[in-house]
Amino acid sequence: MSPTLASAPGSCCFSGIKNTGTPVGRVEDLGGISTYISDPPAPTQKVILFLADVWGPLFINNKLIQDYFASCGYIVLGPDYFFGDSVTNHLQADQRQAWIDNSRKPAIDAFPAWLDAVKGKYGKENTKYCAVGYCFGASFVMDLSSDGSVVAGALAHPAFLDESHFEKLDGPLLLSCAEEDHTFPLTSRRRAEDIMVARKSTYYFQVFSGVKHGFAVRCDPAIDTQRWAKEESARGIVSWFDRFTA
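(A) Representation of the side chain of His-213 within the structure. With respect to the helices and strands, His-213 occurs in the loop between strand S10 (203-212) and helix H6 (215-218). Of note is the side chain of His-213, whose polar atom sits 2.8 Å from the side chain of Asp-181. What His-213 contacts, discounting residues up to four positions off in sequence, is Cys-12, Cys-13, Cys-135, His-157, Pro-158, Ala-178, Glu-180, Asp-181, His-182 and Thr-183.

What follows is the structure, encoded as structure tokens:
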């Protein structure tokens, strides 16, 4: 078995600050999964697949991030691979592990049909797909980035990764990381970099001081360091995708 680099979600994945704002996207069924869809200001063939953390794409913080990506010129699609039963329904300490254990396989099993539906609806000759994964969603991005499905991938404070994910990486990858991360600690981050260096991968690290795992979604916007890190993470991801969709 390949050594683990990013472990399963932990205690800090079950907490955070709920943001305020007015989402502008809509929810539609794609491939049997309710999907948050946020449209750009003008027609485009650039698509971001938004693979959410344990809070799911319908959590307001994630909706607002998706809307931001859309405002930058992308169609953004966020599948609710938790089928309405995200961690928001399982925040009690005695429920968390069971939820993690039971949520991953249904998400993985449902994802291929969803991806086929996305390609059927949005795929054209010049469509360019990117994928961003937060925590739980990271492994989906790594798989998409190993089989040519996307032109670029991005991860923020990832979970559920092992060395083989990086050994199979075949596309550009941005990693948006927290200085303090129980799930993807410094030793793992450096090991991932070593693998990518050895394979001559195209990659880019953002590492933010003063923040912890989850900062890119559920930070406290009243704290300047946290708010800037979250916003800069999103800006960096857009810039990364712009580079490969131009």
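(B) How the structure looks around the pattern of salt bridges. Across all of its chains, the model carries 11 salt bridges by this definition. In this structure, Asp-109 and Lys-105 form a salt bridge, with 2.6 Å as the shortest nitrogen-oxygen distance. Residue Asp-109 and its partner Lys-105 are located together in helix H2 (residues 93-122), separated by four residues, close to a single helical turn.

(C) Here's a closer look at the side chain of Ser-176. Relative to the helices and strands, Ser-176 is located in strand S9 (residues 173-180). Under the relative-accessibility criterion, Ser-176 is labelled buried at 0%. Among all residues touching Ser-176, those that are not within four sequence positions of it are Leu-155, Ala-156, His-157, Gln-206, Phe-208, Phe-215 and Ser-233.

(D) View of unusual backbone geometry. The backbone phi angle of Cys-135 is positive, close to 55°, even though this residue is not glycine. Relative to the helices and strands, Cys-135 resides in the loop between strand S6 (128-134) and helix H3 (138-144). Even without a glycine there, the phi angle at Lys-200 is positive, about 55°.

(E) Region of interest: helix H1 (residues 60-71). In this model H1 runs 16 Å from its N-terminal to its C-terminal C-alpha over 12 residues, within 8% of the 16 Å that 1.5 Å per residue would give. Elements that come into contact with the buried residues of H1 comprise strand S3 (33-38), strand S4 (46-51), strand S5 (75-79), S6, H6 and helix H7 (224-245). Gly-73, located one to two residues past H1, shows a positive phi value of around 105°.

(F) Region of the structure containing the layout of surface pockets. There is about 300 Å³ of room inside the largest pocket. Along the wall of the largest pocket there are 16 residues; nearest its centre are Asn-19, Ile-65, Lys-230, Glu-231 and Ala-234. Elements with a minimum of two residues in the lining of the largest pocket: H1 and H7. Looking at the lining of the largest pocket element by element, the count peaks at six residues for H7. Taken together, the residues of the lining of the largest pocket sort by class into eight nonpolar, four polar and four charged. Computed from the structure, the second largest pocket encloses a volume of approximately 190 Å³.

Reading guide: rules and limits
What you see as residue numbers is a count from 1 along each chain, following the sequence as written. Reporting in this predicted model follows two pLDDT cut-offs: at least 70 for local features of residues, and 80 or more for side-chain atom pairs to be given and counted; totals over whole chains, interfaces and linings ignore these cut-offs and use all residues. Side-chain metrics in this entry use all non-hydrogen atoms of the structure; hydrogen atoms and water are not considered. Helix and strand definitions follow DSSP, with helices as H or I runs of at least four residues and strands as E runs of at least two, each counted in order from the N terminus. Two N or O atoms form a polar contact when they lie within 3.5 Å of each other; inside protein one atom must be a possible hydrogen donor and the other a possible acceptor, and for residues adjacent in sequence the pair counts only when both atoms belong to side chains. Here, residues are in contact when the closest pair of their heavy atoms is within 4.5 Å. Salt bridges, as used here, are contacts in which a Lys or Arg side-chain nitrogen is within 4 Å of a carboxyl oxygen on Asp or Glu. Burial classes follow relative accessibility: with a 1.4 Å probe on protein chains only, a residue under 20% of its type's maximum area counts as buried, one over 50% as exposed, and anything between as partly exposed. Expected span of a helix: the number of residues minus one, times 1.5 Å. Site definitions follow a grid-based scheme: protein atoms alone, a 1 Å grid, a 1.4 Å probe that fits but cannot get out for cavities, and for pockets an open set with protein on both sides within 12 Å along at least five of seven lines, plus lining residues having an atom within 4 Å of a point. Grid points are joined across faces, edges and corners, and a volume is the space filled by probe spheres set on the points. Polar here means any residue outside two lists: the nonpolar Ala, Val, Leu, Ile, Met, Phe, Trp, Tyr, Cys and Pro, and the charged Asp, Glu, Lys and Arg; Gly therefore counts as polar.

In short, shape yes, function no, at least from these values alone.
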